[in-house]
Every structure is written in C-alpha cells, then in structure tokens.
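# Overview (structure and organization)
Here is what each chain is made of, one letter per residue.
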Amino acid sequence: MKKAKIIAGISWVFFCLILIIILFPGLNSFSLSVSKLPFMKLNPRYTGGEIADKIISKNCTLVIRKPVFNGFLKERNSGFEQLDWHGTIPEIIKASIDYDHDGIKDFCVLIDRKNSKTVLDPIDRKIKGVLISTPTSYGWAVRIGLIK
Amino acid sequence: MDNVLKTTEMRKSFGKSLLYTLPMFLITFMFITGGKPNFSDPSSGLAMIMVFLLVNVLYFFMHFKGKTDKYRAVLFIIFALSLSYTLIHNMIEVRKSMSFSQADILECRIPFCHLVIPMMILPAVFTKSIIFPGSIISGFANISSMVVLWLVATIVLGRGFCSWGCFYGGWDDGFSRIRKRPVIKKIGELWKWMPFAVLLMVVLTAALSMMPTYCSWICPFKAVTEFEQVTSVESATKAGIFLSLFGGLVVVLPVMTRKRTQCSFLCPLGAINSLSNKITPFTVKIDKGSCNECFKCVYVCPLYALTSEDIKAGKVSLFCSKCGKCVDACSKKAIHYGIRGIPAGTMKNFSRNLFLFVSFLFMAVFSAGSIINTLHGLLKLIF
Ligand code: SF4
Ligand code: SF4
Ligand code: SF4
C-alpha cells in the first residue's frame with residue numbers, strides 16, 4: 001500500500017512536470033481549445049447584444065442591437081438598447097428608433113459630439129434614460145436604459 | 001546529531017548546483033529568447049539576456065545555498081512590480097491615463113486577470129457566458145490564456161500559485177519584508193477564514209448582478225493597475241475603496257505584521273487556491289521525529305498557514321503557499337518540501353529538487369515577458 005502510494009505520488013509529479021514544460025509552447029493552442037468551449041463567449045451585457053438592424057447612410061452606419069435583458073437565472077425587468085455609429089459621423093447625430101419593431105418609434109436620441117451632450121426623447125414609457133453615451137474607436141456608442 | 005543534519009542538508013556544491021541549473025538554463029533559454037536572442041533592438045535584446053541571467057542565477061543560488069524563499073521572493077516581487085509597470089505604461093501610452101473609459105468597457109478591451117475566475121464560474125455554468133468586458137482569445141491578457149495558465153498552475157502547484165505564479169502576491173510579500181520585527185504580533189485566528197467569506201460573497205453578488213463585483217468594488221490591486229475613470233460619486237467611491245484597501249492590506253498591515261495580509265485575509269482566489277492544495281502533488285511536510293517544537297516556522301509563516309497545533313499534529317494547513325520560508329527557518333530540517341504519498345522525513349532532496357524545478361520554471365517563464373518589457377523601458381530611459 002505504502003509503495004503504491006509512493007508510485008502514485010511520483011507519477012503524479014512527473015505528469016505535472018510534463019504539463020508545466022509543455023504549457024508555454026502549447027499555450028496558444030490550449031487557449032484556442034478553451035476559447036471554443038460552449039461557455040467561452042461574452043455575455044450580451046458586455047458585447048451590447050446581437051445586431052438587429054443596420055442603417056447605412058453616406059459614410060456612416062448605424063448599428064441597432066437587440067435589447068439586452070440577460071440575467072442570471074432568468075431575464076431581468078430592466079435592460080438596455082445599444083446603438084453604435086460607425087464610420088465618418090456628423091457633428092450632430094440624430095436617430096429615431098423603433099427597437100421592438102412594433103411600427104412605432106420608441107425614442108429619439110440627439111448627440112452633440114462636440115460638447116459630448118446627449119438628449120433623449122423617451123417616446124415610449126419603457127425608455128428609462130441614457131446609461132452611456134461615449135466616443136469609441138469606431139465612432140460613437142449609446143446605451144439607453146429600458147424596462148420590460 | 002551531525003549525521004542527521006548532514007543527510008538533510010539542502011546545500012549543494014558549486015559544480016552540483018551548476019548541474020542542477022543546466023536544465024533550467026536550457027529550457028528558459030528556449031522559452032525566454034525563443035532559441036535565438038534578437039539584437040535588432042539592442043536594448044530589448046539586452047533586457048532579454050538580463051532577465052534570462054537573473055532567473056538562472058536565482059535558481060542556481062537556491063541549490064547552492066540550500067535556501068528557497070529569499071531567491072523566490074526576489075523574482076516574485078520583481079514580477080509584481082514589472083507587471084504593474086507594464087500595465088500602467090501601456091495604459092498611459094495608449095490612453096494617456098491609468099483609468100479605463102466607458103469605451104474600453106463597451107469595446108471589451110479590459111485586460112483579464114485571474115482574480116475574476118471565481119466570479120466567472122456560476123454565470124458560465126448557468127448562462128453559458130462570461131461576465132467580463134475582455135477579449136476571449138485575442139490580445140494582451142485574454143480570457144482563455146489566463147484561464148489556462150491559472151488552471152495548470154493551480155493543478156500543479158495548488159496554493160503554490162500564490163507564491164510562485166500570481167503577479168499581485170509580490171506586493172504584500174515585498175512590504176511584509178520591510179521591517180525586521182513585527183509591530184503587531186497576533187491577529188485572531190478566525191481572520192484567515194475571511195477569504196472564504198469574501199469568496200462566497202463575490203460569487204453570489206457577481207452571479208446576481210452579472211458583474212465581476214470584486215473587480216468593480218473591492219480589488220486592492222486596481223490601485224496599481226487600472227481602474228474606472230472617476231466621473232461620478234460611484235466611481236469615486238470605488239477608487240476610494242481600492243486605494244484604502246491597497247494602503248491598509250497591501251502596505252501598512254504587511255509592514256506592521258510581517259505577514260501577507262491581503263492574501264491571508266481578503267483574496268477570494270487565494271481561498272480557491274487553498275482548496276486546490278488537496279490535489280496538487282507537492283506539499284510541505286513535517287517530520288515529527290526531527291521537530292523539537294521550537295515554532296520558528298510558525299513565527300515566520302507569512303500566510304498564517306501554520307499554528308503550534310499544526311506542528312504538534314505534524315500537518316501543514318491548506319493555506320500553505322509553499323513559499324519555503326518555514327523550510328529555510330527550520331534548523332532541524334524537520335519541515336520540508338514533500339510529495340504526496342511519500343512519508344514525511346524521506347526523499348527530502350528529491351522532493352525539493354522536483355518542486356523547485358516545476359514551480360520556478362513556471363514563475364520564470366510567466367514573469368519573463370513583463371520583466372523584459374519593464375527593463376526595456378528603463379534601458380530606453382537611460383540610453
Ligand atoms: S491570495 Fe490572491 S492576490 Fe494573493 S497571491 Fe494568491 S491569488 Fe494572488
Ligand atoms: S522550525 Fe522546525 S523544529 Fe521548529 S517547530 Fe518548526 S518544524 Fe519543528
Ligand atoms: S507553511 Fe511554510 S511554505 Fe507554507 S506558507 Fe507558511 S512558511 Fe510558506
């Protein structure tokens with residue numbers, strides 16, 4: 001029994017020794033395999049949600065995302081709607097959005113980029129204000145708070 | 001008596017120490033320089049060679065002097081300082097500030113660190129997604145590579161990660177060495193269970209809020225890496241918490257107690273790492289036959305991992321980070337590195353040699369990139 005324990009212990013050590021030696025040369029391929037695991041994707045609360053629509057005008061594209069209500073075990077009552085402007089964006093951005101696709105505009109947003117001012121006209125009562133409005137590497141992004 | 005000391009002596013002759021360093025020399029040469037040092041940028045080539053020499057000299061001395069902790073600590077502390085330097089330098093170069101903006105969060109550009117891992121687990125299981133604004137696979141400190149590095153280190157070293165792998169631990173390790181004697185000698189035993197309470201709290205709050213709450217509200221190391229831009233009362237409160245916890249648990253208390261108080265009383269990942277001590281092949285063992293119960297080891301342990309009861313029972317607690325401080329302090333060599341399954345008091349040199357090789361190799365290669373980067377930056381400033 002004692003001998004078996006010693007052999008098991010030493011085998012475990014040598015397995016670990018090999019693991020450490022191959023860890024760094026194999027890091028990229030191990031990481032790639034880990035990145036393919038089903039849970040290795042960012043939660044929509046961080047990505048901003050799936051893309052629902054794109055409105056292309058001149059040199060600028062407005063990306064409208066699906067509303068995000070993701071919670072831990074179930075959807076939450078409050079969430080957000082993210083809009084991204086890509087490309088050459090005018091000084092003043094204006095958009096009227098129907099995020100739930102019911103044919104009625106839900107809110108209008110006006111952004112004065114020069115003064116970093118964002119004005120929201122919450123047409124629908126589910127619209128709860130501007131959570132984030134910020135310049136980004138691709139243009140500008142806005143998150144509008146929503147309730148269900 | 002002399003005979004006992006002789007057979008348990010960890011020091012090696014100069015030649016034997018060189019021989020033991022040779023495998024480390026060859027492997028770190030391959031891993032750090034890629035097999036051919038590149039001198040197209042002389043300061044970067046020089047930094048690479050300096051780091052390669054530093055790690056090998058430290059490893060040589062571990063064998064030659066038969067001591068572990070002080071040589072380990074040199075690299076561990078340099079690692080912590082250089083990682084912070086690298087991060088801050090990157091942030092200031094790219095963003096002109098130490099804080100990250102809302103755009104960085106929206107574009108998922110926040111570097112991932114292993115302290116997020118405990119908070120990722122429940123959302124990963126229940127929502128099949130990661131609750132962190134970082135990159136899954138591309139770029140610096142991406143989520144996949146950090147998870148792989150931590151997972152392998154934790155399986156192999158257990159809580160040894162906290163003395164041989166974590167790029168934060170060197171901060172309180174460093175401050176705990178400043179005074180020769182502690183001002184505060186005793187802290188209630190119960191405090192060392194605090195990381196488990198913090199772990200439970202952050203795991204639950206992170207799952208409920210779908211936010212890495214420890215990073216957003218508690219992590220003291222935000223003070224030396226990066227934190228949210230102060231634009232509101234909330235972000236100012238967070239910055240205040242980060243700075244006070246850093247000042248209190250990473251600087252002041254370690255200086256006063258000579259213990260690593262942040263790692264002992266706060267870090268939730270330290271709690272998980274402690275549990276992993278149950279599976280790792282390397283342990284610290286007590287040979288009760290040689291121990292004279294002087295309790296020097298209890299006195300020097302920086303992580304409250306040893307009590308006089310542990311010594312009497314002949315068992316090191318699960319908080320042990322295998323730093324080697326107690327091993328170095330024990331004049332009887334009664335406390336020593338061991339391997340699971342091998343009885344205490346036997347194969348001490350064999351166990352120590354294997355443990356040092358594995359743990360030091362991990363630290364040397366993991367830390368090399370940021371130390372080279374830091375040295376490179378400093379050399380550029382000088383020349
Ligand atoms: S306790 Fe936490 S901060 Fe300290 S060394 Fe371990 S993982 Fe790092
Ligand atoms: S320092 Fe050595 S001899 Fe003294 S109590 Fe610790 S293990 Fe025993
Ligand atoms: S028991 Fe020894 S090896 Fe473990 S943490 Fe304490 S001093 Fe370090």
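Cut-offs and rules
Residues numbered from 1 in each chain as written. Chains lettered and ligands numbered in written order. Predicted model: local features only at pLDDT ≥ 70, side-chain atom pairs only at ≥ 80, totals over all residues. Heavy atoms only, no water. Near = heavy atom within 4 Å. Nonpolar A, V, L, I, M, F, W, Y, C, P; charged D, E, K, R; others polar. Salt bridge = Lys/Arg side-chain N within 4 Å of Asp/Glu carboxyl O. Buried < 20%, exposed > 50% of the residue type's maximum accessible area, 1.4 Å probe, protein only. Helix = DSSP H or I, 4+ residues; strand = E, 2+ residues; numbered from the N terminus. Pairing = 2+ DSSP bridges. Axes fitted to C-alpha atoms, helices over the stretch in contact; angles between N-to-C directions. Core = buried A, V, L, I, M, F, W, Y, C linked by side-chain atoms within 4.5 Å. Contact = heavy atoms within 4.5 Å. Phe/Tyr/Trp six-rings, centres within 6.5 Å; stacked < 30°, edge-to-face > 60°. Lys NZ or Arg CZ within 6 Å of the ring centre and 35° of its normal. Parallel < 35°, antiparallel > 145°, perpendicular 65-115°, else oblique. Left-handed = near helix turned anticlockwise from the far one by under 90°. Domains from an automatic or database assignment.

Turning to the site of ligand 2, a few remarks are in order. Around ligand 2, the neighbouring residues are Cys291, Asn292, Glu293, Cys294, Phe295, Lys296, Cys297, Ile311, Cys330, Lys332, Ala334 and Ile335 of chain B. When its residues are assigned to classes, the shell around ligand 2 shows eight nonpolar, one polar and three charged.

Residues and elements named next belong to chain B. Summed over all chains, the structure comprises 13 salt bridges over all chains. Between Arg109 and Asp104 there is a salt bridge, and its shortest N-O distance comes to 2.5 Å. The class of Asp104 is buried, set by a relative accessible area of 3%. With a shortest N-O distance of 3.5 Å, Arg260 and Asp172 are connected by a salt bridge. Placement of the pair is Arg260 in the loop between α12 (233-257) and α13 (261-265) and Asp172 in helix α9 (residues 169-175), with a sequence separation of 88 residues. Like Arg260, the residue Asp172 is buried in the burial classification.

Moving on, we come to the sheet that holds strand β5 (residues 107-112) of chain A. Residues and elements named next belong to chain A. In space, the three strands of this open sheet follow the order β4-β5-β6, with antiparallel pairing throughout. Each edge of the open sheet carries a strand with a single partner, namely β4 (92-97) and β6 (117-122). Across the sheet, the axes of successive neighbouring strands diverge by a mean angle of 10°, strand direction being ignored. In the sheet, β4 pairs with β5 via six bridges, with the strands oriented antiparallel. Within β5, the position partnered with Ile92 by the bridge is Asp112.

To continue, consider the pairing of strand β3 (residues 282-286) of chain B. As a general feature of sheets, a regular strand has side chains that alternate between the two faces. Residue and element names in this part refer to chain B. Counted residue by residue, β3 has five buried out of five residues, so it is predominantly covered. Neither face of β3 is left uncovered, since the one carrying Phe282, Val284 and Ile286 and the one carrying Thr283 and Lys285 both have all their residues buried. Here β3 runs beside strand β4 (residues 335-339); their pairing, made up of five bridges, is antiparallel. By the bridge assignment, Thr283 is partnered in β4 with Gly338.

Right, let's talk about the site of ligand 1 for a bit. All names here are of chain B. For ligand 1, the set of nearby residues contains 13 residues, the closest of which are Arg159, Cys162, Cys166, Cys263 and Cys267. Within the residue set of the shell around ligand 1, elements represented by two or more residues are α13 and α14 (268-276). In terms of residue class, the shell around ligand 1 is made up of seven nonpolar, four polar and two charged.

With that settled, the discussion passes to the nonpolar core. Within the largest apolar cluster, 119 residues are counted, with the highest numbers of intra-cluster contacts made by Ile143, Leu306, Phe360 and Phe362 of chain B. Of all the elements, helix α18 (residues 348-382) of chain B adds the most residues to this core, at 16 residues. For Phe362 of chain B, the contacting residues outside a window of four places in its chain are Ile20, Leu23 and Phe24 of chain A together with Leu149, Ala153, Leu157, Phe161, Trp164 and Gly165 of chain B. In this structure, Cys60, Ile64, Phe69 and Val109 of chain A belong to the second largest nonpolar core, which totals 20 residues.

Here we take up the packing of aromatic side chains. Going through the model one piece at a time under the given rule, you end up with 30 aromatic pairs over all chains. Note on Phe61 of chain B and Phe64 of chain B: the rings are 6.3 Å apart at their centroids and 65° apart in plane angle, and the pair reads as edge-to-face. Taken together, the residues span about one helical turn, with Phe61 of chain B and Phe64 of chain B both in helix α3 (residues 42-65) at a distance of three residues. A residue is classified by how much of its surface remains accessible, and Phe61 of chain B, at 28% relative accessible area, is partly exposed. Where Phe221 of chain B meets Phe246 of chain B, the ring centres are 6.3 Å apart and the plane angle is 80°; that geometry is what we call edge-to-face. Remark: Phe246 of chain B occurs in helix α12 and Phe221 of chain B occurs in the loop between α11 (213-218) and β2 (227-228); sequence separation between them is 25 residues. Across this residue pair, the class does not change: Phe221 of chain B and Phe246 of chain B are buried. In this structure an aromatic cluster arises from ring pairing among Phe24 of chain A together with Phe79, Phe167, Tyr168, Trp171, Phe175, Phe221, Phe246, Phe362 and Phe366 of chain B. Seen from the ring of Phe69 of chain A, Lys148 of chain A lies directly overhead, with NZ or CZ sitting 5.5 Å from the centre. Its end group placed over the ring of Tyr304 of chain B, Lys259 of chain B keeps NZ or CZ at 5.4 Å from the ring centre.

Residue and element names in this part refer to chain B. Two numbers describe how α3 lies on α18: the axes approach to 8 Å, and their chain directions differ by 150°. Taken together, α3 and α18 sit at an angle that is classed as roughly antiparallel. Seen from above, α3 lies across α18 with right-handed handedness. Of the residues belonging to the contact of α3 with α18, the class tally is 18 nonpolar, five polar and two charged.

A separate point is the domain arrangement of chain A. The domain architecture assigned to chain A consists of domain 1 (2-35) and domain 2 (44-147). Here domain 1 of chain A and domain 2 of chain A have C-alpha centroids that lie 48 Å from each other.

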